[in-house]
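Per-entry structural report
Spelled out, the chains give:
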Amino acid sequence: WFKTRLSLKLQIMDRLNPDKKYIVVAHPHGVLPMGATLNLVTDINGGADALGIPVNFVAASLCFYLPLYRDLLLGGGLLDASRPHVQ
């Protein structure tokens, strides 16, 4: 439903080198980063597999204070972006 209703499309311009580490950010994203979450965390458009590298997703600490959104993020495997969680 999201893919057709919101016209989501994940466009990969080039493959990433799996031997390197990357930081990918989605900004500006509005109040809640739903575009990045739907495209990369879910399988709507191939998800993280489309990037061709193993990924870990993080979200701003503030996102984990919003009750329903927190559950969605945790269910998608996202972590808090604070220093102890990303090291």
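Residue positions are given per chain, counted from 1 along the sequence in the order it is written. Since the coordinates come from a predicted model, pLDDT governs what is reported: local features require at least 70, and pairs of side-chain atoms require 80 or more to be given and counted, while whole-chain, interface and lining totals use all residues. Hydrogens and waters are ignored; side-chain quantities use all the structure's heavy atoms.

Quick look at the overall build of the protein
Under the DSSP-based scheme used, a helix requires at least four consecutive residues in state H or I and a strand at least two consecutive residues in state E, with every element numbered from the N terminus. A tally of regular secondary structure across the protein gives four helices and two strands. Helices and strands in the protein line up, N terminus first, as α-α-β-α-β-α. When burial is assessed residue by residue, the protein has 23% of its 87 residues classed as buried. By definition in these notes, contact holds between two residues if any of their heavy atoms fall within 4.5 Å. Sequence separation of at least 24 residues holds for 47% of the intrachain contacts in the protein that already meet a minimum separation of 6. For the protein, the computed accessible surface area is about 6,900 Å², with 59% contributed by carbon and sulfur atoms. We call a residue buried when its accessible area falls under 20% of the maximum for its residue type, exposed when it is over 50%, and partly exposed in between, using a 1.4 Å probe and counting protein chains only. Residue-level accessible areas treat just the shown protein chains as cover; the underlying method is Shrake-Rupley with a 1.4 Å probe.

Focus on the pattern of salt bridges
One side-chain nitrogen of Lys or Arg within 4 Å of one carboxyl oxygen of Asp or Glu is enough to make a salt bridge. Counted by the stated rule, this structure contains one salt bridge. Between Arg70 and Asp71 there is a salt bridge, with its nearest N and O atoms 3.9 Å apart.

Topic: the side chain of Asp80
Within the secondary structure, Asp80 sits in strand β2 (residues 79-80). The buried charged residue Asp80 lacks any salt bridge, with Arg70 as its nearest oppositely charged partner at 8.9 Å. Contacts described as polar in this section are N or O atom pairs within 3.5 Å, which, within protein, must combine one atom able to donate a hydrogen with one able to accept it, while residues neighboring in sequence count only if both atoms come from side chains. Within the structure, the side chain of Asp80 is placed 2.6 Å from the side chain of Ser61, a separation counted as a polar contact. If sequence neighbours within four positions are ignored, Asp80 has contacts with Val58, Ala59, Ala60, Ser61, Phe64 and His85. The sign given to each residue is positive for Lys and Arg and negative for Asp and Glu; His and the chain ends receive no count.

A few points about the environment of Cys63
Inspection of the secondary structure assignment puts Cys63 in the loop between β1 (58-59) and α3 (67-75). Sequence spacing of Cys63 and Ala81 is 18 residues, and the spatial spacing of their C-alpha atoms is 9.8 Å. In this structure, Cys63 is in contact with Tyr69, Arg70 and Leu73, ignoring residues within four places of it in sequence.

Some points on the environment of Gly76
Tracing the sequence through the fold places Gly76 in the loop between α3 and β2. Remark: the alpha-carbon pair of Gly76 and Phe57, spanning 19 residues in sequence, is separated by 8.8 Å.

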